[in-house]
Amino acid sequence: MKTTLSEQLFATAKELIPGGVNSPVRAFASVGLGPRFIASASGATLTDVDGNTFVDYVASWGPMILGHADPDVLAAVAEASARGLSFGAPCQDEVRMAELITTIAPVEMVRMVNSGTEAVMSALRLARGHTGRDKILKFAGCYHGHADSMLVKAGSGALTGGVPDSAGVPACVAADTLTARYNDLDSVESLLKENDNQVAAIIVEPVAANMGVVPPKDGFLEGLRRLCDNHGALLIFDEVITGFRLSLGGAQAYFGIQADLVTYGKIIGGGMPVGAYGGRKDIMRKVAPTGPVYQAGTLSGNPVAMAAGLAQLRKLADRPALYQELADRTNRLAEGLRSAAAGLPMRVNQIGSLCCAFFTADPVVDYESAKKADTAAFAAFFAGMLQRGIYLAPSQFEAMFVGAAHSDAMIEKTIAAAGESLRSRA
């Protein structure tokens, strides 16, 4: 497989861009390879600058649920672009987007922003402003963007305050972030009791999709709702990944749990940079200019991003059966991967159109069990899959995203490639 031009571009990029990439995982460092520079994408495939084509399970890290270069999304972008790229003023499609989101998802009011990180940062500020409390409770292994207060890992145990997980994050900022164990309600309750009347919100990925794919145990999300109600904290669902992917109404609709605030991104932009946060009107009305919680953005509600997101969301709303189709297709993929790995220490977690193969013999239910995965074995598997034309996320701890453009033949090709890759290293 030819990689010459990608290698040349990466060498140049490393002299001009930190690490040669504009987002760390793209560097392929954890799999010991160099990144493939992508020239084009169509449907469920990517083509790199060296002319190699791959079946794509990254899907731009989730947004491309309809596939790359969907003709209706492209047409909407072209039409909006012809009217102007940015106004710095309200546009009609912002209102249409808010109407659509509040119709298909259980939120009453929404504010558009430019990224998932910005959505989370804004929602946390709003939670603090609404409750008058400072502390936030998150879960080890759940990623909520790179805002300072969210770059925190557990200390010596789950029942501790935050420890900065990045240089440049002040200890005083991290101190107000508490870290509990995902799928462990006892760890949550202990932290709430130890910090009585101090926790503004619990923020959670309803399906943890940044330590691989880890679904919630039965009763976990219901328990978080109950604990928030009992302790006067808000429940925030970070649905940057699960929003409009797990179901049309996201994880709230899928699990039947009502959060107080929700953050969105990825799918609502149709591939354009976008984010949003929403929730109950009594909370959202505390955002400026109607309330005291300040948040602003020059490019928020960008007309081109709104057009792209509207086109994609409308197509999803018009295809209610799609979500079951995607779940069935992803289940076939997961079962095929399990069969291909028979006798090997590999676990495959799957829910809806998300799945992940962990190289461990033990069930993966939280951050600690996810970290037991053999990352060297995953790196070898990744290389074997890439060589066979299958593009996975270059990290053991990321999801595979299945979309409408993945055909049955592509699923079978992926399963066959997995079998060959696993046997080649057995």
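Residues numbered from 1 in each chain as written. Predicted model: local features only at pLDDT ≥ 70, side-chain atom pairs only at ≥ 80, totals over all residues. Heavy atoms only, no water.

Some words on the packing of helix α11 (residues 322-340) against helix α14 (residues 408-425)
Between α11 and α14, the least distance of the axes is 9 Å, while the angle of their chain directions is 20 degrees. Taken together, the axes of α11 and α14 lie roughly parallel to each other. Classified by chirality, the crossing of α14 by α11 is right-handed. On α14, the residues touching R329, R332, L333, G336, L337 and A340 of α11 are D408, I411, T414, I415, A418, G419 and L422. Among the residues forming the contact of α11 with α14, the class breakdown is 7 nonpolar, 3 polar and 3 charged. (Axes fitted to C-alpha atoms, helices over the stretch in contact; angles between N-to-C directions. Helix = DSSP H or I, 4+ residues; strand = E, 2+ residues; numbered from the N terminus. Parallel < 35°, antiparallel > 145°, perpendicular 65-115°, else oblique. Left-handed = near helix turned anticlockwise from the far one by under 90°. Contact = heavy atoms within 4.5 Å. Nonpolar A, V, L, I, M, F, W, Y, C, P; charged D, E, K, R; others polar.)

Thoughts on the pattern of salt bridges
Summed over the entire model, instances satisfying the criterion amount to 15 salt bridges. Here R83 makes a salt bridge to E79, at a shortest N to O gap of 3.4 Å. Separated by 4 residues within a single helix, R83 and E79 lie in helix α2 (residues 71-83), roughly one turn from each other. For the pair shown, R83 and E79 are each scored as exposed. For the salt bridge of D184 with R181, the shortest nitrogen-to-oxygen distance reads 3.5 Å. Each member of the salt-bridge network shares a partner with another, and the members are R225, D229, D260, R280 and D282. (Salt bridge = Lys/Arg side-chain N within 4 Å of Asp/Glu carboxyl O. Buried < 20%, exposed > 50% of the residue type's maximum accessible area, 1.4 Å probe, protein only.)

Side note on the pairing of strand β13 (residues 347-351)
Looking at chain direction, β13 and strand β14 (residues 354-358) are connected through 5 bridges and run antiparallel. By the bridge assignment for β14, I351 is matched with L354. Taken together, β13 and the strand that follows it, β14, pair antiparallel across an intervening segment of 2 residues, in which G352 is found at a positive phi of about 55 degrees. (Pairing = 2+ DSSP bridges.)

Concerning the environment of E398
Note that E398 resides in the loop between β15 (390-391) and β16 (400-401). Taking relative accessible area as the criterion, E398 reaches 19% and is therefore assigned buried. Considered as a pair, E398 and W61 are 337 residues apart in the sequence and their alpha carbons are 8.8 Å apart. The contact partners of E398, leaving out residues within four places of it in the chain, are W61, A209, N210, G212, C356 and A393.

Some points on the packing of helix α3 (residues 92-104) against helix α10 (residues 303-317)
Running from N to C, α3 and α10 point in directions that differ by 35 degrees, and their axes come no closer than 9 Å. Here α3 runs over α10; the crossing is left-handed. Facing α3, whose interface residues are D93, E94, R96, M97, L100 and I101, α10 presents P303, M306, A307, G309, L310, L313 and R314. Classifying every residue of the contact of α3 with α10 by side-chain character gives 8 nonpolar, 1 polar and 4 charged.

A look at the state of the cysteines
All chains considered together, the criterion is met by 0 disulfides. Here C228 is not disulfide-linked; the sulfur of C142 is the nearest cysteine sulfur, at 14 Å. The cysteine C355 is free of any disulfide, with C356 supplying the nearest cysteine sulfur at 7.4 Å. According to the relative accessible area criterion, C355 is buried, its value standing at 0%. (Disulfide = S-S within 2.5 Å.)

Considering α10
Relative to the 21 Å expected for 15 residues at 1.5 Å per residue, α10 spans 21 Å between its end C-alpha atoms, a close match to the ideal helical length. In terms of burial, α10 is a largely internal element, 12 of the 15 residues being buried. Within α10, burial applies to P303, V304, A305, M306, A307, A308, G309, L310, A311, Q312, L313 and L316. In this structure, the buried residues of α10 make contact with α2, α3, β4 (109-113) and α11. (Expected span 1.5 Å × (residues − 1).)

What to know about the sheet that holds strand β1 (residues 38-42)
Sheet architecture is open: 4 strands sit in the order β1-β2-β3-β15, paired in mixed fashion. Both edges of this open sheet fall to β1 and β15, since each of them pairs with a single strand only. Two strands pair when backbone bridges link them, and β1 and strand β2 (residues 45-48) are joined in this way by 4 bridges, in the antiparallel orientation. Opposite A41, over in β2, you have L46 as the bridge partner.

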